[in-house]
Amino acid sequence: MKPAVVAHAGKTLGGGLSELRRTLEEAGVSEPLWIEVPKSKRAPRAVKRALEEGAELILAWGGDGMVRRCVNALEDSQVPLAIVPAGTSNLFATNLGIERDIAEAVRVALLGDRRRLDVGRFNGERFAVMAGAGFDAAMIKGADGLKERLGRAAYVLCGAAELKTASFEAKIKVDGTRWYKGPASCILVGNVGDLFGGIEVFAGARPDDGLLDVGVLTAEGPVQLVRAVARTALGSAEKSPFVRATQGRKVRVKLDRKVPYELDGGDRTKVKSFKVDIEPRAITVCVPRATRGGSGAK
């Protein structure tokens, strides 16, 4: 096997990249192709270079933004992706049962199972964890500097800071059928269940079921938003009267005004309409070995 390390040089975990190199050497990988990038947006070029040089495994060092860039670059490739979760946000790794530990991540990369997983596509761009428009994009942006210290509470606090954000009118079609029409504060499309630092938003969601999980937050005004955000932070989003959810393969959304959106926790600009599709079994990912009675990943 010829592995390649594609690392976000600004991300840290344990003893850093020197520990990763040492751990790989101890596992018998003495001279991997090693590419460090200063920003995740440069990862696609690094991945393409690795593939051109014959890499048979890509180890991505970084957070969800880094992983998403690598997932995009691996389109039409059968080369497996391994994750070393060195970023502040590692939701994809967490959902797959990959620990924030260099030795364990290397073990999964070299000896773990290879699993074919779905990816989502938002207006043509791939994501591994989720896409969202509205309240969540603002909430995620504000929580970035707090989530390591405050955990779930960071999302409640930053959600509270956005309480005055006006709702918008949304028309949502799922698999060609009108599913929702009315006011919305947030629209989420997930590929996995845990979307906010360990908060399960879509119970039972799996990254290999060929389906997108779709949720709309219908809350309007500060009081309703507080109730909905608090329930989500406590892990009971499905019990909120202001949350509607379904599953499907194709999602089409039209809004009455432009709202901010995010992909895999990275905030973006604004959109007034968007489409999301599932790509079943689109990428091979290294996951912990399956145990008896379990799959080794959510």
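Computed from a predicted structure; not experimentally measured. (Residues numbered from 1 in each chain as written. Predicted model: local features only at pLDDT ≥ 70, side-chain atom pairs only at ≥ 80, totals over all residues. Heavy atoms only, no water.)

J.: How should helix α1 (residues 16-26) be read in this particular structure?
T.: Each turn of an α-helix holds 3.6 residues, which means side chains three or four residues apart point in the same direction. When we look at burial in α1, the residues that qualify are G16, L17, L20, T23 and L24. Along α1, the residues classed as buried sweep out an arc of 130 degrees about the axis, all on the same side. Among the structural elements, β1 (3-8), β2 (33-37), β3 (57-62), β4 (81-85) and α5 (102-111) are those in contact with the buried residues of α1. (Buried < 20%, exposed > 50% of the residue type's maximum accessible area, 1.4 Å probe, protein only. Helix = DSSP H or I, 4+ residues; strand = E, 2+ residues; numbered from the N terminus. Arc of directions from axis to C-beta. Contact = heavy atoms within 4.5 Å.)

J.: How should the nonpolar core be read in this particular structure?
T.: Note that soluble globular proteins tend to have their nonpolar side chains buried in a common cluster. Core analysis: the biggest nonpolar cluster contains 44 residues, and I58, L81, F92, L195 and I283 have the highest contact counts within it. For this core, the leading source of residues is helix α3 (residues 64-73), giving 5 residues. Each residue touching I58, except ones within four places of it in the same chain, is listed here: A4, V6, V47, A50, L74, V79, P80, L81 and A82. Core analysis: the second largest hydrophobic core is formed by 26 residues, F127, A133, F168 and V214 among them. (Core = buried A, V, L, I, M, F, W, Y, C linked by side-chain atoms within 4.5 Å.)

J.: How do you make sense of the packing of helix α2 (residues 43-52) against α3 when you look at a structure like this?
T.: Axis angle and axis distance: for two packed helices, these are the angle between their axes and the distance between the axes, and together they describe the pair. Taken N-terminus to C-terminus, the directions of α2 and α3 make an angle of 45 degrees; their axes are 8 Å apart at the nearest point. Judged by the angle between their axes, α2 and α3 are oblique. Of the two possible hands of crossing, α2 and α3 adopt the one that is right-handed. On the side of α2, the interface is formed by A43, P44, V47, K48 and L51, while α3 contributes M66, R69, C70 and A73. In terms of residue class, the contact of α2 with α3 is built from 7 nonpolar, no polar and 2 charged. (Axes fitted to C-alpha atoms, helices over the stretch in contact; angles between N-to-C directions. Parallel < 35°, antiparallel > 145°, perpendicular 65-115°, else oblique. Left-handed = near helix turned anticlockwise from the far one by under 90°. Nonpolar A, V, L, I, M, F, W, Y, C, P; charged D, E, K, R; others polar.)

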